[in-house]
Each structure stands twice: as structure tokens, then as C-alpha cells.
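# Structural description and commentary
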Amino acid sequence: MMASLCMDHHARLRWFTREVLPHEADVRRWLGRRVRGLEGCDVDEIIQEAYARIWTLAPEDIQNPRAYLFVVARHIVGQILRRSRVVAIDLVADLETLNIVDEGLDAYRILSGKEELDRLYAILDEMPERCSQAFRLKKFEHLSQREIADRMGIAESTVEKHLSKALRIVSEKMKVASHLDVKDGVDRDDKSWKWG
Amino acid sequence: MIVTTSPGNGADIEGVATAWAIRVAEGPLAHADKQALDAWLAEDSRHLGAFVRAQALWLDLDRVVALDPLAAPAVPDRARPRITHPLRYAVAASIAVLVLCASIAYNQLAGRVSTSRGEVRTLALDDGSIVTMNGGSTVQVRYDGNARRIVLRGGEASFKVAHNPARPFIVDAGGLEVRAVGTEFVVGMDKGQVAVTVEEGVVAIDGAKGAAGERLLHRNEQFVDASTGARKAVLTSREVQRMASWRQGLLIFEGQTVGAAVEMVNRHTEIPVIIDDPTLVHAEFMGVLKIGDAHAFADAIAQAFNAEVIDEKTQLRVIRKRTAPSH
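As a starting point, this report considers the structure included with it. Here the structure is a predicted model, which means the values were calculated and not measured.

## Comments concerning the overall build of chain A
Each helix and strand in chain A was counted, giving ten helices and one strand. Its helices and strands in sequence order give chain A the pattern α-α-α-α-α-α-α-α-α-α-β, from N to C terminus. Here chain A holds 196 residues, and 53% of them are scored as buried. Here the contacts in chain A between residues at least 6 apart in sequence split such that 63% fall between residues at least 24 apart. In the structure as shown, chain A presents an accessible area of about 9,700 Å², 51% of it carried by carbon and sulfur atoms.

Spelled out as C-alpha cells, the structure:
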């Protein structure tokens with residue numbers, strides 16, 4: 001499991017960010033319906049395990065990252081259930097035969113740029129002010145932690161803490177399925193803004 | 001191992017992973033840090049997964065932030081693309097502009113070409129530019145020595161423009177001027193508004209309501225000139241591709257409402273599809289259809305929503321199955 005710091009780390013991370021991450025909310029939603037209340041099944045942990053497995057594979061071996069993520073997640077749930085003594089065997093069988101193609105594998109939409117921005121700004125609004133400020137200086141103005149520390153008049157280590165907390169908050173918010181806060185079939189007017 | 005007997009639940013792992021992701025993103029790790037990170041990652045595969053996730057989220061935020069045209073304070077002014085001279089973009093940019101507008105007004109017949117519903121026609125113009133017309137569209141070609149001008153009288157068309165900075169290529173749509181330079185773009189008209197969507201490259205727009213002077217529109221941006229005023233939106237490449245899918249003779253739906261899909265389909269067919277059930281209209285529809293194939297569309301709706309199609313010759317009526325069990 002030491003592949004994380006190998007040579008092509010950044011190229012691989014870009015691939016992962018582009019091809020796998022966008023589907024996380026859907027897999028969470030799909031998992032959530034299935035493992036709720038099952039002992040030993042924590043969606044966060046299933047996602048972590050799935051990401052670890054996908055990360056150790058070569059991207060070129062994964063033809064359809066979205067499908068692969070669903071399959072890996074299902075496989076992990078199956079492993080947990082098989083280890084568990086309290087789960088009835090027919091539930092395991094049921095899980096193995098689940099047709100994920102019918103259930104969201106193909107049915108998804110990507111948020112528009114405007115929707116993504118709206119969501120980010122909503123998250124920033126909810127953050128503690130210092131977190132949000134550090135985040136904006138880092139991501140919008142591309143300052144180093146040293147420069148942010150100078151700008152905010154705080155220690156560099158405090159900047160790091162603020163940024164970590166900001167990312168942690170983003171991380172939690174991104175777990176919520178994008179579908180839930182987006183209306184289907186939005187017309188163009190809904191994601192437009194006044195020009196000029 | 002992902003059994004919950006191991007120390008630390010998923011949430012605690014995320015806190016540690018997040019902190020590492022921030023530190024790694026800032027620059028190369030000190031030797032001691034690197035050892036500590038490696039040791040932590042080696043403890044449990046979930047640690048690696050959480051670390052990958054945190055790094056990916058952090059990286060992805062750069063993409064999201066870059067979507068904001070109003071932000072962009074990071075680039076000094078001198079480094080920003082100069083936008084006052086669209087001709088600078090002349091190098092084989094590919095642009096798609098989609099213009100929707102309603103007023104099919106007067107008739108000036110010279111150079112006029114119309115398509116019937118369900119017909120997608122390609123015109124090769126003498127300068128090497130190519131016009132692809134959507135169904136039910138009318139364009140008028142007006143070329144002279146100074147400019148290549150196309151007037152869109154109604155409907156929608158895609159323009160692949162041969163590069164010639166000396167003779168600008170201008171599409172006139174409902175009073176809106178869309179100027180492209182060495183580009184490809186689509187223009188259409190519907191319901192009193194003009195919408196311009198850029199697939200690739202840059203176009204200059206002039207004559208928008210309530211907007212003085214020329215505006216530039218870049219890749220994946222959409223400009224809408226409506227009676228309520230002009231506005232701009234940023235789309236994903238996927239959405240833009242979907243909007244231009246008619247060029248391949250296809251209509252692609254990815255979760256639009258059935259109502260919106262029907263409107264699109266009916267623009268291309270002589271026999272309209274009528275959805276005779278208010279609950280169906282708001283359902284979301286996914287699928288790829290050949291343009292003009294209203295029967296296939298009606299059948300797909302019926303299959304997806306447990307409805308049935310009644311062929312009434314002049315129209316296809318989709319109703320809920322009368323025998324369907326209530327749910």
C-alpha cells in the first residue's frame with residue numbers, strides 16, 4: 001500500500017480527481033440505501049477502502065472508473081457481510097445479485113459549473129470566518145501558507161490548521177449527494193446570472 | 001481490513017488524512033514528516049484511501065474556483081488574455097454557438113436555405129466554411145468582399161468557419177451579432193430569445209439588449225439575450241456537447257424533464273408527441289434518440305414510466321397505462 005508516493009503521484013491524482021471523485025456522492029447514496037443499520041458497515045470506511053484499492057491499480061486498467069467504483073464498493077460490502085455472523089445469508093446473496101446498472105450506474109448528471117460554484121460559496125459561508133479567509137487566500141489568490149500567515153497576522157502552523165479544517169468541512173459537505181440539492185431538468189435560466 | 005475493531009473510525013481517519021493532504025500540497029515533506037506519513041499510510045488501507053480522497057478533494061477545488069469568472073484575482077492583469085482584439089484568437093479555434101430566437105420575420109430570399117423538421121443538412125460554402133442546419137431552420141448567406149455574413153432567420157445552425165481575418169465571419173440572429181474568427185459554432189432561435197453557446201475558442205457578441213459594446217464569449221460559456229436582459233452562464237463541456245448533439249443527428253437527454261425532452265423532440269418531427277399525464281411531464285428522462293424518431297421517443301417514455309402510446313396518426317399520445325396497478 002505504499003503506492004501513494006511513487007513517481008507518477010501527481011498524474012495519478014489528477015486522473016483520480018477527474019475520473020473517480022465525481023462519482024463518490026452517487027456511490028455513497030447507493031451504499032447508504034443498502035448498508036444502513038448493518039453492523040460493521042460504515043459508508044466512510046467503505047469509500048476509504050474502495051479508494052485505496054482503486055489507487056493501487058493502474059488507471060489504464062480501469063476502463064470505466066464510475067462502474068469500477070460501484071463494483072469495488074459492492075465487493076467490499078459483500079466481504080464485510082460474509083465476515084459478519086449476524087447477517088442472514090440471503091442478504092449476502094441478494095447483494096451479490098444486485099443489478100447496479102439499473103440503479104444509478106448510468107443514471108447520473110454532472111453538476112454544472114454554476115452549481116458547483118454555488119455549492120462552494122455556500123460551504124465557504126458556513127465555515128468559521130478565519131477558515132474561510134485562509135481558504136480564499138490559498139485557493140483564490142494562490143498564496144503560500146507563509147504569505148497567508150503574514151496577511152492574517154497568525155502563525156504558519158495556525159494557517160495549516162485553518163486550511164485543514166476548511167478541507168475537512170468541504171470533505172463532509174461533498175459526501176451529500178449532488179442530486180439532493182439540484183433540481184432535475186433545470187432550465188437555462190436557473191443557472192444563469194445577469195451579465196454586465 | 002475494514003472491520004471496525006481496528007482503532008479509529010472512518011471520521012477520525014479523515015481528520016488525519018486531511019491534515020496530511022494540506023501539508024503535502026504545500027510542498028515537499030521534511031524527512032521526518034515523510035516517514036511519519038508513510039508509517040501512517042502503512043497502518044491501514046483506509047488511511048491510504050482517506051489520504052487519496054483528501055488530496056483529490058483539495059485538487060478538485062482548484063478546478064471549481066477556476067470556474068468563477070469573477071474571481072480570478074490570481075493572475076496579474078498583464079498575464080490575462082487580451083480580450084480587446086478577438087482577431088488574436090484566429091488560430092483555428094473551434095467554436096460552437098447556439099442561438100435560440102423566435103422572430104422569424106421578413107423574407108429576403110437571396111441565398112436563403114431552409115430545412116424541414118427532422119432534416120439536418122450540411123452546406124459547404126465557397127470560402128471553405130461549413131454550415132450544418134438543424135431541422136426547421138432557415139439561414140441566408142450574404143457574402144461580400146469585406147465580410148462573410150450569415151443571417152439566421154429561425155431555428156438553429158452550426159458554423160465551422162474557415163480562417164480569414166481579412167473577412168470576418170458574422171452570424172446575425174435576431175439583431176444579435178455573433179462574430180467568429182477561425183471557428184466552429186452553432187446558432188439557433190426560439191421563443192423571443194437568442195442564446196449563444198461556445199464549444200471551443202472565442203466569439204465576439206454585439207447588439208445584446210442592455211449591454212453596450214462588444215462582449216467576448218469563451219469555451220463552454222453561454223450567452224442568452226432575452227427580453228428580460230442579457231446574461232451569461234458557464235456550462236460543462238458535457239452539457240455543451242449534449243446541446244450540439246443534433247449535428248450528429250442525435251438528441252441526448254441526461255435527466256431533463258420529460259416535458260423538456262418532448263419539446264426538443266417535437267422540434268424535429270411532423271408528428272408531435274403529446275404527454276397526456278401531468279405527473280409524467282416532470283419525470284426525468286435519459287436516453288439517446290435519432291432526430292426525427294418520435295415513435296422511438298414515445299416508446300422509450302412508455303417503457304420507462306409504465307405508460308402506453310396511442311398512435312392518433314397526427315400525434316402520438318402518451319398516457320399512463322390504464323391497467324397499471326397503483327403503487
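## Observations regarding the pairing of strand E13 (residues 229-234) of chain B
Residues and elements named next belong to chain B. The buried count for E13 comes to six of six residues, which makes it a mostly enclosed element. Of the two faces of E13, both are covered, the one formed by Gly-229, Arg-231 and Ala-233 as well as the one formed by Ala-230, Lys-232 and Val-234. The pairing of strand E12 (residues 221-226) with E13 spans six bridges and is antiparallel. Across the sheet, residue Gln-222 finds its bridge partner in E13, namely Ala-233. Connecting E12 to the antiparallel partner E13 that follows it, the hairpin turn spans two residues.

## Some remarks on the side chain of A:Arg66
All names here are of chain A. With respect to the helices and strands, the residue Arg-66 is situated in helix H4 (residues 65-83). We classify Arg-66 as buried; its relative accessible area is 3%. Side-chain polar atoms of Arg-66 contact the side chain of Asp-26, separated by 3.1 Å.

## Focus on the environment of B:Glu312
All names here are of chain B. Among the structural elements, Glu-312 can be located in the loop between strand E17 (307-311) and strand E18 (316-320). When its relative accessible area of 32% is taken as the criterion, Glu-312 is described as partly exposed. Between the C-alpha atom of Glu-312 and that of Ile-271, which follows or precedes it by 41 residues, the distance is 9.4 Å.

## Quick word on the sheet that holds E18(B)
All names here are of chain B. Sheet architecture is open: three strands sit in the order E15-E18-E17, paired in mixed fashion. What marks the edges here is a single partner per strand, and that holds for strand E15 (273-275) and E17. Strand-to-strand twist of the sheet, defined as the mean angle between neighbouring strand axes without regard to direction, takes the value 25 degrees. In this sheet, E18 lies alongside E17 in antiparallel orientation, the contact comprising five bridges. Paired with Glu-308 across the strands is Ile-319, a residue of E18. Docked against the sheet, helix H7 (residues 294-305) engages E15, E17 and E18, running at close to 150 degrees with respect to E17.

## Topic: the nonpolar core
As a rule of thumb, soluble globular proteins bury nonpolar side chains together. A:Phe16, A:Leu31, A:Ile46, A:Ile54, A:Leu120, A:Phe135 and B:Trp40 are the most contacted members of the largest nonpolar core, which totals 68 residues. It is helix H3 (residues 45-66) of chain B that contributes the most residues to this core, eleven residues altogether. The residues contacting A:Phe16, other than those within four sequence positions of it, are A:Leu21, A:Tyr51, A:Ile54, A:Trp55, B:Val52 and B:Ala56. Grouped together as the second largest cluster of nonpolar side chains are 28 residues, B:Leu123, B:Ile150, B:Phe159 and B:Val203 included.

## So, the packing of helix H2 (residues 24-35) of chain A against helix H3 (residues 43-55) of chain A
Residue and element names in this part refer to chain A. The geometry of H2 relative to H3 is characterised by a closest axis approach of 10 Å and an angle of 130 degrees between their N-to-C directions. With respect to H3, the axis of H2 lies oblique. Considering how the two elements wind past one another, H2 and H3 form a crossing that is right-handed. Across the interface between the two elements, Glu-24, Val-27, Arg-28, Leu-31, Gly-32 and Val-35 from H2 touch Val-43, Asp-44, Ile-46, Ile-47 and Tyr-51 from H3. When its residues are assigned to classes, the contact of H2 with H3 shows seven nonpolar, one polar and three charged.

## Regarding the packing of aromatic side chains
Residue and element names in this part refer to chain A. Taken as a whole, this structure holds seven aromatic pairs over all chains when the rule is applied. When the centroid spacing of 4.7 Å and the interplanar angle of 90 degrees are considered together, the rings of Phe-16 and Tyr-51 count as edge-to-face. Pair noted here: Phe-16 is in helix H1 (residues 9-19) and Tyr-51 is in helix H3, with a separation of 35 residues, a long-range link. Take Phe-16: its relative accessible area is 0%, and that puts it in the buried class.

## Comments concerning the packing of helix H2 (residues 31-43) of chain B against H3(B)
Residues and elements named next belong to chain B. Where H2 meets H3, the axes come as close as 4 Å, and the angle between the chain directions of the two elements is 120 degrees. Considering their axes alone, H2 and H3 lie oblique with respect to each other. Across the interface between the two elements, Leu-37, Trp-40, Leu-41 and Glu-43 from H2 touch His-47, Leu-48 and Phe-51 from H3. Looking at the contact of H2 with H3, its residues break down into five nonpolar, one polar and one charged.

Conventions and cut-offs
Residues numbered from 1 in each chain as written. Chains lettered and ligands numbered in written order. Predicted model: local features only at pLDDT ≥ 70, side-chain atom pairs only at ≥ 80, totals over all residues. Heavy atoms only, no water. Helix = DSSP H or I, 4+ residues; strand = E, 2+ residues; numbered from the N terminus. Buried < 20%, exposed > 50% of the residue type's maximum accessible area, 1.4 Å probe, protein only. Contact = heavy atoms within 4.5 Å. Areas by Shrake-Rupley, 256 points an atom, 1.4 Å probe, with all protein chains shown as cover. Pairing = 2+ DSSP bridges. Polar contact = N/O pair within 3.5 Å; in protein donor to acceptor, adjacent residues only side chain to side chain. Axes fitted to C-alpha atoms, helices over the stretch in contact; angles between N-to-C directions. Core = buried A, V, L, I, M, F, W, Y, C linked by side-chain atoms within 4.5 Å. Parallel < 35°, antiparallel > 145°, perpendicular 65-115°, else oblique. Left-handed = near helix turned anticlockwise from the far one by under 90°. Nonpolar A, V, L, I, M, F, W, Y, C, P; charged D, E, K, R; others polar. Phe/Tyr/Trp six-rings, centres within 6.5 Å; stacked < 30°, edge-to-face > 60°.

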